[in-house]
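# Geometric and topological summary
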Amino acid sequence: MPLDPARTVAELRELRELTEDENGAQRVAWTETWERARGWLRERVASSGADEEFDEAGNQWFTVRGGDGPALLLGGHIDSVPNGGWLDGSLNLLAGVEVLRRISDDGPPPVDVRLVNWADEEGARFGRSLFGSSAAAGSMRDQAELAKLVDRDGVPLPEAIGAYGVSLDRALEARRQLEGAGAYLELHIEQGPVLESLDLPLGVVLGTFGVERSRVTWHGQAAHAGSTPMDKRRDALAGAAKLALAIRAIAAEVGGGAVCTSGGVVCKPGIVTSVVETAEQLLDQRHLDAAELARLRTLAEEASRRFAGEERIDVAWERIWSIEPILFDDTLVGFADEAIREVSGTSHRLPSGPLHDAAEVSRAGIPTVMLFVQSLRGLSHTKLEDTRPEHLELSVSALDRLAARTLDWLAGGSR
Ligand SMILES: [Zn+2]
């Protein structure tokens, strides 16, 4: 079948009918509604003639057989958060189905073309995101902790996934799916406001942000709120407050899309009649460039020591979590730019704040790129999530052009 992007929009609406209630999408992984959605997806793919296979991590693979050589992978996730939107994850898959149809219509492809429906991207039921893709990438290393997770109703994770034939002991065997993969492409809604603010339908994702999370503990002296003159105070909160504002200028100085958030401050003793003795401040800093991310943290540390001096208080830094930036493949970023320019005239490159399955695949060493399509009002993970139908159609066309270029590249043995 020739590419028919309008069919993708119709199928997204059909999935919505099948798996939404008045509060939004309810395709939470490891539930009956999710299973119904997977069965429905199977029926949609059938017209492409692809074979279906489930791997040990619960990922659903569809393969259109082609010649020998590194396979082309397209991916998405049909699971949603509770009360989720109609496009997050499912657009990727249904656009991929349309591309599979077009490719199989053209005759056997030069290499295998595979569409993967990753299991439990959202982690909505057990609080662990990227389950299936991290298993396939081999980066799932926390089986012991996963085994202890229980859902809201007290059902343990091993029991819930066991009902779908998945066990933690064998999940990493899904790694064989990425052996022999040549490239991975993922279309996703932006889930943010950037493309809408630029009035552009589509963008190329350069990679996912690296993250530095720190606990900054300020220590002063508790003192009576009535009897302590202003110039005699050692107020821990003053340091936290100065830093919370200073990170704005630091993000602006470093630039390149840097974001910094002072997400919370806990004060002790925390009563209205005392100067604050300790203030524990949580800081989240993100950048696409590892060196610039390090600079964000260094500049904030330097500023904090200056504020500690001004306020005659102490400050201590502790790293609570970090992840390196993940940069997508240069060649594929170039192909994505060309594909977007062909269908909509102008391309734009942007980083992704959220992590995606694509980041796991990229970490596994597979050349990867993502396309973003504009999200209205930047909303996602809510039933208000939306994208204009004409933009959805453009995104299907762009993914198809990108897939065609990538197939040529893989078939040409140029890598
Ligand atoms: Zn998603």
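Preceding this paragraph is the structure being described.
Here's a quick rundown of the structure. (Residues numbered from 1 in each chain as written. Predicted model: local features only at pLDDT ≥ 70, side-chain atom pairs only at ≥ 80, totals over all residues. Heavy atoms only, no water.)

Turning next to the layout of surface pockets. Considered as a void within the structure, the largest pocket measures approximately 550 Å³ in volume. Around the largest pocket, the lining is made up of 30 residues, and of these S129, L130, W321, L355 and H356 lie nearest the centre. Of all the elements in the fold, those that place two or more residues in the lining of the largest pocket are β9 (210-219), β12 (314-323) and α11 (357-363). Residues of the lining of the largest pocket, tallied by class, amount to eight nonpolar, 13 polar and nine charged. Estimated volume of the second largest pocket: approximately 250 Å³. Taken together, V28, T31, P82, A124, R125, D151, R152 and D153 make up the lining of the second largest pocket. Across the lining of the second largest pocket, the residue classes tally to three nonpolar, one polar and four charged. (1 Å grid on protein atoms, 1.4 Å probe; cavity = no way out; pocket = protein on both sides within 12 Å on 5 of 7 lines; lining within 4 Å. Points joined across faces, edges and corners; volume = space filled by probe spheres on them. Helix = DSSP H or I, 4+ residues; strand = E, 2+ residues; numbered from the N terminus. Nonpolar A, V, L, I, M, F, W, Y, C, P; charged D, E, K, R; others polar.)

What follows concerns the pairing of strand β15 (residues 368-373). In terms of burial, β15 is largely enclosed, as six of its six residues are buried. Bridge count for strand β7 (residues 181-189) against β15 is six bridges, and the pairing is parallel. Each bridged residue has a counterpart across the sheet, and for I189 the counterpart in β15 is V373. Note: strand β8 (residues 202-208) against β15, four bridges, orientation antiparallel. Paired with L202 across the two strands is V373, which belongs to β15. (Buried < 20%, exposed > 50% of the residue type's maximum accessible area, 1.4 Å probe, protein only. Pairing = 2+ DSSP bridges.)

With antiparallel pairing, the four strands of this open sheet are ordered in space as β10-β11-β9-β12. Edge strands, defined here as strands with exactly one partner in the open sheet, are β10 (259-268) and β12. When the angles between neighbouring strand axes are averaged without regard to direction, this sheet yields 15°. Bridge analysis of β9 against β12 gives nine bridges, and the strand direction is antiparallel. Across the sheet, residue T217 finds its bridge partner in β12, namely A316. Contacting β9, β10, β11 (278-287) and β12, helix α8 (residues 236-254) runs over the sheet at an angle of about 10° to β11. (Axes fitted to C-alpha atoms, helices over the stretch in contact; angles between N-to-C directions. Contact = heavy atoms within 4.5 Å.)

Attention now goes to α8. For α8, which comprises 19 residues, the first-to-last C-alpha distance of 27 Å matches the rise-based estimate of 27 Å (1.5 Å per residue) to within 8%. What α8 keeps buried is the set A236, A238, G239, A240, L243, A246, I247, I250, A251 and V254. (Expected span 1.5 Å × (residues − 1).)

This next bit is on the nonpolar core. W30, F131, L185 and V369 are the most contacted members of the largest nonpolar core, which totals 90 residues. No other element matches the nine residues that helix α12 (residues 389-411) contributes to this core. F131 has contacts with W30, A57, A119, D120, M140, L146, I161, V166 and L168, leaving out every residue within four places of it along the chain. One finds I247, A251, A279 and W317 within the second-largest nonpolar core, a separate group that totals 24 residues. (Core = buried A, V, L, I, M, F, W, Y, C linked by side-chain atoms within 4.5 Å.)

What follows covers the pattern of salt bridges. Under the criterion given, the structure shown has 37 salt bridges. Of the charged contacts, one joins E56 and R170 as a salt bridge, the two residues approaching to 3.9 Å between their closest N and O atoms. Taken together, the residues E56 in the loop between β3 (51-54) and β4 (60-64) and R170 in the loop between α6 (157-162) and β7 connect sequence positions 114 residues apart. Among the ionic pairs, K242 bridges to E310, the shortest N-O distance being 2.6 Å. Residue K242 is located in helix α8, and its partner E310 is located in helix α9 (residues 290-311); the two are separated by 68 residues in the primary sequence. You can call E310 partly exposed: its relative accessible area is 46%. Connected through shared salt-bridge partners, R7, E11, E14, R44, E98 and R101 make up one network. (Salt bridge = Lys/Arg side-chain N within 4 Å of Asp/Glu carboxyl O.)

Here helix α2 (residues 32-45) contains 14 residues, and its C-alpha end-to-end distance of 20 Å stays within 8% of the 20 Å for a straight helix at 1.5 Å per residue. Those residues of α2 that sit buried are T33, W34, A37, R38, G39, W40, L41, R44 and V45. Where α2 is buried, its residues meet α1 (5-19), β3, β4, α3 (90-105) and β6 (113-117).

Let us now look at the coordination of the zinc ion. Of the protein atoms, only H77 (NE2), D88 (OD) and H188 (NE2) coordinate the zinc ion, at distances of 2.0 to 2.2 Å. Sequence positions of the donors to the zinc ion reduce to the motif H-x10-D-x99-H. A residue pair is termed long-range when its members are at least 10 positions apart, and H77 in the loop between β5 (71-76) and α3 and D88 in the loop between β5 and α3 qualify at eleven residues. By the burial criterion, H77 is buried, and D88 matches it. (Donors = N, O, S within 2.8 Å, 3.2 Å for Na, K, Ca; no water.)

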